[in-house]
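Commentary on secondary and tertiary structure
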Amino acid sequence: MRTLFAAATAVLCLGLSGLPAQARDLIVTVAKPDRLYVIDAKARTIETDCQLDFNLMPGVIVMSPDNSIAYILGNRWEDVFGIELATCKTVFSAHQSEGDIRRKTIASLAVSKDGKELYTVRNPVRLLSDRYEVMEPEFAVYETAAGLDAAPARTFPSPRRVTVMATGENGEVYAAGHDIYAFDPKTGERTVKIANASWDRPTYSPPDVLAFWPIGTQANEFMLLYSAAKFTDETFSEIADFVWGYQSVDLSTGESTIEDFASLEVIMFSAIRDPNDTSKLYGVYTQLSKHDVDKKELIKRVDLPHTYYCINISSDGKEIYVGGTNDDIGIYDADSLERIGEILLPSGGDMAAGTMHVINTGS
């Protein structure tokens, strides 16, 4: 059973006249036990409540380019479902395991800029009577029009440990693993876009990267945080600092950046940059932190009522949304970091590590 709270969402972005309605921000997220929510960010109200007929965990979400379909990694990391927001209907599904082969995807989902293809990295094992036979990972390409029993149109070899992904305007797929890779989804050709574990920084330890939330679409960038120990010299005999940094690929131009921006004073699980001023970076876990990455300065930090895993920002850069973990979304003023609102999810179930997207009906 699927329930729509608002009949108007049958034409999600259209007014009664058929003309585009006034642009507004919507928050798309999931919550246990089985809900996909579309929330009016400014009104703080639930617009659409979809009841899902699959296990929604881990709840990694990527949106179609027109923001009409939420693609969700579910069934305990195994299958991908496309849910049409206006109707709550499942319009795409890919069941990745078959026979004695079990395939798991660790957060790696991306959709082509034209919406015609979906990409993921599948990690297969063969189930034998006394052990798992570990097989080679696969970069899989699905056609989004393939319906409810989609099989890959193409597969290519992939590195291990790939998590979040994003697609650039040039057609490349950027994937976070030991390094940040660029895939050509037509040929499978792969290059290193940003050296991560293999970086050439002689006075740094290898970086630690937690890459699980594909949330950079507001600024059209693929951005990951890293932390590392910085030493006084190449002998690693004395630590100078523990640092936070960011790795970013501009999805419009393909330009990449890797840069320290702060000392590691608190833990941050995810971060977002202001789409209108990319010098401003906001990170979240048990605190909400605001940084100027150009000046390498902490602007402000506030304690939160509990941990939040996932962060996002309004399209005008004025509000910060923190979610994941529990059943509430906290709303903060982006300038002052004052808590200005809260949205409680009706199911009462937690969002766990689910993605929280902000989409704009005018885009």
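Residues numbered from 1 in each chain as written. Predicted model: local features only at pLDDT ≥ 70, side-chain atom pairs only at ≥ 80, totals over all residues. Heavy atoms only, no water.

Observations concerning the overall build of the chain
As a reminder, the rule being used: Secondary structure follows DSSP: runs of H or I at least 4 residues long count as helices, runs of E at least 2 residues long count as strands, and numbering of each begins at the N terminus. Within these notes, the globule rule equals 2.2 Å times the number of residues to the 0.38 power, and the radius of gyration is based on C-alpha atoms. Think of it in three bands: residues with accessible area under 20% of the maximum for their type are buried, residues over 50% are exposed, and the middle band is partly exposed, with areas taken using a 1.4 Å probe on protein chains only. Accessibility throughout is a Shrake-Rupley quantity obtained with a 1.4 Å probe, and a residue counts as covered only by protein chains that appear here. Charge counting treats Lys and Arg as positive and Asp and Glu as negative, with His and both chain ends excluded. By convention, the point assigned to a charge is CZ for Arg, NZ for Lys, CD for Glu and CG for Asp.
Of the regular secondary structure elements, the chain holds zero helices and 29 strands. Relative to the globule expectation of 21 Å for 363 residues, the C-alpha radius of gyration of the chain, 20 Å, shows essentially globular dimensions. For the chain, the C-alpha atoms occupy an extent of roughly 65 × 55 × 40 Å along the three principal directions. Burial statistics for the chain: of 363 residues in total, 53% are counted as buried. A total of about 15,400 Å² of accessible surface is found on the chain, and carbon and sulfur atoms cover 49% of it. The positive charge centre, built from 33 side chains, and the negative charge centre, built from 52, are 3 Å apart in the chain.

So, unusual backbone geometry
Put simply, lysine 32 and proline 33 share a cis peptide bond, and its omega is 5 degrees. The peptide bond linking methionine 57 to proline 58 adopts the cis configuration, its omega dihedral lying at 15 degrees. Its place among the elements puts proline 58 in the loop between strand E3 (45–51) and strand E4 (60–63). For cysteine 88, which is not glycine, the phi dihedral falls at a positive 65 degrees. In this fold, cysteine 88 is placed in the loop between strand E6 (79–84) and strand E7 (90–95). Cysteine 88 sits in the buried class, given a relative accessible area of 0%. The backbone phi angle of alanine 352 is positive, close to 50 degrees, even though this residue is not glycine. One can find alanine 352 in the loop between strand E28 (339–344) and strand E29 (357–360).

A closer look at the pairing of strand E26 (residues 319–323)
Each regular strand shows side chains that alternate between the opposite faces of the sheet. Note the following rule: We treat two strands as partners when DSSP finds at least two bridges between them.
Across the five residues of E26, five count as buried, placing the element largely inside the fold. Burial along E26 is two-sided: Glu319, Tyr321 and Gly323 facing one way and Ile320 and Val322 facing the other are all buried. Both strand E25 (residues 310–313) and E26 contribute to a ladder of four bridges, which runs antiparallel. Considered in E26, the bridge of asparagine 312 is made with tyrosine 321.

Focus: the side chain of serine 205
Cut-off, in case you're wondering: Should any heavy atoms of two residues lie within 4.5 Å, those residues are counted as being in contact.
Positionally, serine 205 belongs in the loop between strand E17 (190–194) and strand E18 (221–231). Sequence-distant contacts of serine 205, that is, excluding residues within four places in its chain, are made with Trp199, Ala228, Ala229, Phe231 and Phe236.

What to know about the confidence of the model for the chain
Applicable threshold: The predictor reports its confidence for every residue as pLDDT, a score running from 0 up to 100.
Per-residue pLDDT for the chain averages 93, and the proportion of residues at 70 or more is 94%. Here residues 1–20 is modelled with pLDDT under 50, and outside its nearest four sequence neighbours on either side it reaches 38 contacts, counting other chains as well.

Re the packing of aromatic side chains
The condition is simple: What counts as a ring pair is set by centres within 6.5 Å for rings of Phe, Tyr and Trp (its six-membered ring), and what kind of pair is set by the plane angle: stacked under 30 degrees, edge-to-face over 60, tilted for all other angles. Over a ring means this: the NZ of a Lys or the CZ of an Arg is within 6 Å of the ring centre and within 35 degrees of the ring normal.
On inspection of all chains with the given rule, the structure shows 15 aromatic pairs. Residues tryptophan 77 and phenylalanine 212 carry aromatic rings whose centres are separated by 5.6 Å and whose planes lie at 70 degrees to one another, so their mutual orientation is edge-to-face. Highlighted residues: tryptophan 77 in the loop between strand E5 (69–74) and E6 and phenylalanine 212 in the loop between E17 and E18, separated in sequence by 135 residues. Overall, phenylalanine 212 belongs to the buried group, its relative accessible area being 12%. One aromatic cluster is present, formed by Trp77, Phe212, Trp213, Phe269, Tyr285 and Tyr309 through successive ring pairs. Residue placement shows arginine 201 over the ring face of tryptophan 199; its charged tip is 4.5 Å from the ring centre.

Some points on the sheet that holds E18
Put simply, the test is: Helix axes use the C-alpha atoms of the stretch in contact, all axes being lines fitted to C-alpha atoms, and the angles between their N-to-C directions lie in the range 0 to 180 degrees.
The antiparallel open sheet is built from three strands, whose spatial order is E18-E19-E20. Of all the strands in the sheet, the pair left with one neighbour each is E18 and strand E20 (256–263). On average, each strand axis in the sheet is tilted by 25 degrees relative to the strand beside it, whichever way the strands run. Pairing geometry for strand E19 (residues 239–250) and E20, over seven bridges, is antiparallel. Across the sheet, the residue bridging to tryptophan 244 is alanine 262, located in E20.

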